[in-house]
Amino acid sequence: AEGRPCAEGITSGGDHAVVIRSLAQSCYADALPEIISLGMETYVGRAVRCGDRNIGVISLVYRQEFSPEPEDERVLTLLASAISVEEERREGQDRLQESNDRLRDTLEREKRTSMTLEATLQQLAAATREARAARHPGSRRHQPERGRRAPRGLARRGRAGHGRDADARRGQAR
């Protein structure tokens, strides 16, 4: 776009409109043959900004000499501002979507990590149970097998005359 009126509008346009008169006699006529073939005489352009950078230009081209009035420049400024607001909103929406995508990916990774950790803990618990069982074959923790007496000194709850207290009383009575 170098050497064209729109490029001038983007690069030179700040807070005011760029006006280029006598387009047919300007350096732009060589770059754009349409200037002569369509009879363009005046270019008016206002930069469109997004944040702190110019992203485009809103342009008007006239077939006669034209000098924009302050009201014309206000309308161009209003249009350029409306486009800028929409561009900033769209960029913000894009950033929000990217952020949501990154968050979703992170949550999925954390979920997979959590599931892997849970499976590892379950495997560790099973291996621990197997190791304990291998060290004490045939023994069960907490309860004796059915039909077997509890080892001496262990109290059986709910049965009178059994357990440590009963053994102690027997020892005193002897």
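The sections below set out a description of the structure shown in this document. On a predicted model such as this, the values are computed, not experimentally measured, just so you know.

## Considering the pairing of strand S2 (residues 42-50)
So, point 1. Across the nine residues of S2, eight count as buried, placing the element largely inside the fold.
So, point 2. Where S2 folds back on strand S3 (residues 53-62), the antiparallel hairpin that results is connected by two residues, among which Gly-51 adopts a positive phi of roughly 70°.

## Details of the side chain of Arg-46
So, point 1. Its place among the elements puts Arg-46 in strand S2.
So, point 2. A distance of 3.3 Å separates the side chain of Arg-46 from the side chain of Thr-77, its partner in a polar contact.

## Regarding the nonpolar core
So, point 1. If you look at the biggest cluster of nonpolar residues, it comprises nine residues: Val-18, Ile-20, Leu-23, Tyr-28, Ala-29, Leu-32, Ile-35, Met-40 and Tyr-43.
So, point 2. For this core, the secondary-structure elements that each account for two or more residues are strand S1 (18-20) and helix H2 (28-31).
So, point 3. Apart from residues lying up to four places away in sequence, Tyr-43 is in contact with Pro-5, Cys-6, Gly-9, Val-18, Val-19, Ile-20, Leu-23, Val-57, Ser-59, Leu-60 and Val-61.
So, point 4. Val-48, Phe-66, Leu-76 and Ala-80 belong to the second-largest nonpolar core, a separate cluster that totals seven residues.

## Digging into the pattern of salt bridges
So, point 1. With the rule as written, the count across this model stands at six salt bridges.
So, point 2. Its salt-bridge partner being Arg-74, residue Glu-71 comes within 2.7 Å of it at the nearest N-O pair. Of this pair, Glu-71 and Arg-74 both sit in helix H4 (residues 70-135), three residues apart, which is roughly one turn of that helix.
So, point 3. We classify Glu-71 as partly exposed; its relative accessible area is 44%.
So, point 4. A salt bridge links Arg-90 to Asp-94; the nearest nitrogen and oxygen atoms lie 3.0 Å apart. Separated by four residues within a single helix, Arg-90 and Asp-94 lie in helix H4, roughly one turn from each other.
So, point 5. Asp-94 gets classed as partly exposed once you look at its relative accessible area, which sits at 34%.

## Let's talk about the packing of aromatic side chains
So, point 1. This model, assessed by the stated rule, comprises one aromatic pair.
So, point 2. Both rings, one in Tyr-62 and one in Phe-66, keep their centres 4.0 Å apart while their planes meet at 20°; by these two values the pair is stacked.

## Some details on the sheet that holds S2
So, point 1. Strand order in the open sheet formed by three strands is S1-S2-S3, and the pairing between neighbours is antiparallel. Looking at which strands have only one partner, the edges of the open sheet turn out to be S1 and S3. Taken pair by pair, the neighbouring strands of this sheet meet at an average axis angle of 25°, ignoring direction.
So, point 2. Pairing of S1 with S2 involves three bridges; the strand directions are antiparallel.

## Re the environment of Cys-6
So, point 1. Looking at where Cys-6 falls in the secondary structure, it is placed in helix H1 (residues 5-12).
So, point 2. The class of Cys-6 is partly exposed, set by a relative accessible area of 36%.
So, point 3. Separated by 50 residues in the primary sequence, Cys-6 and Gly-56 have C-alpha atoms spaced 8.3 Å apart.
So, point 4. Discounting chain neighbours no more than four positions away, the residues touching Cys-6 are Tyr-43, Val-57 and Ser-59.

## Notes on the side chain of Ser-84
So, point 1. Along the chain, the position of Ser-84 falls in helix H4.
So, point 2. Of note is the side chain of Ser-84, whose polar atom sits 2.5 Å from the backbone oxygen of Arg-49.
So, point 3. Apart from residues lying up to four places away in sequence, Ser-84 is in contact with Val-48 and Arg-49.

## Description of H4
So, point 1. Under the 1.5 Å per step criterion, the end-to-end length of H4 is 96 Å for 66 residues, consistent within 8% with the ideal 98 Å.
So, point 2. By the burial criterion, the buried members of H4 are Leu-76, Ala-80 and Ser-84.
So, point 3. The inward-facing, buried residues of H4 abut S2 and S3.

Analysis parameters
- Here, residues in each chain are numbered from 1, in the same order as that chain's written sequence.
- Local features in a predicted model are, by the rule used here, given only for residues with pLDDT of at least 70; side-chain atom pairs are given and counted only at 80 or more, and totals for whole chains, interfaces and linings are based on all residues.
- Computation of side-chain values: all heavy atoms of the structure, hydrogens and water removed.
- Exposed residues in this analysis have more than 50% of their type's maximum accessible area, buried residues have under 20%, and partly exposed residues fall in between, with area computed by a 1.4 Å probe over protein chains only.
- Secondary structure counts use DSSP, requiring at least four H or I residues in a row for a helix and at least two E residues in a row for a strand, with both numbered from the N terminus.
- Whether two strands pair comes down to DSSP finding at least two bridges between them.
- Polar contact criterion, stated in full: a pair of N or O atoms within 3.5 Å, where within protein one must be able to donate a hydrogen and the other to accept it, and residues adjacent in sequence count only if both atoms are side-chain atoms.
- Residues belong to one nonpolar core when they are buried, are Ala, Val, Leu, Ile, Met, Phe, Trp, Tyr or Cys, and are joined through side-chain atoms within 4.5 Å.
- In what follows, residue pairs with any heavy atoms lying within 4.5 Å of each other are defined as contacts.
- Salt bridges are identified by distance alone: a Lys or Arg side-chain nitrogen within 4 Å of an Asp or Glu carboxyl oxygen.
- Two aromatic rings from Phe, Tyr or Trp, using only the six-membered ring of Trp, form a pair when their centres are within 6.5 Å; if the ring planes differ by under 30 degrees the pair is stacked, by over 60 it is edge-to-face, and anything between is tilted.
- To get an axis, fit a line to the C-alpha atoms, keeping to the stretch in contact for a helix; angles then go from 0 to 180 degrees between the N-to-C directions.
- Helix span is expected to be 1.5 Å times the residue number reduced by one.

Note that every value here comes from positions in space, so none of it alone points to a role or purpose.
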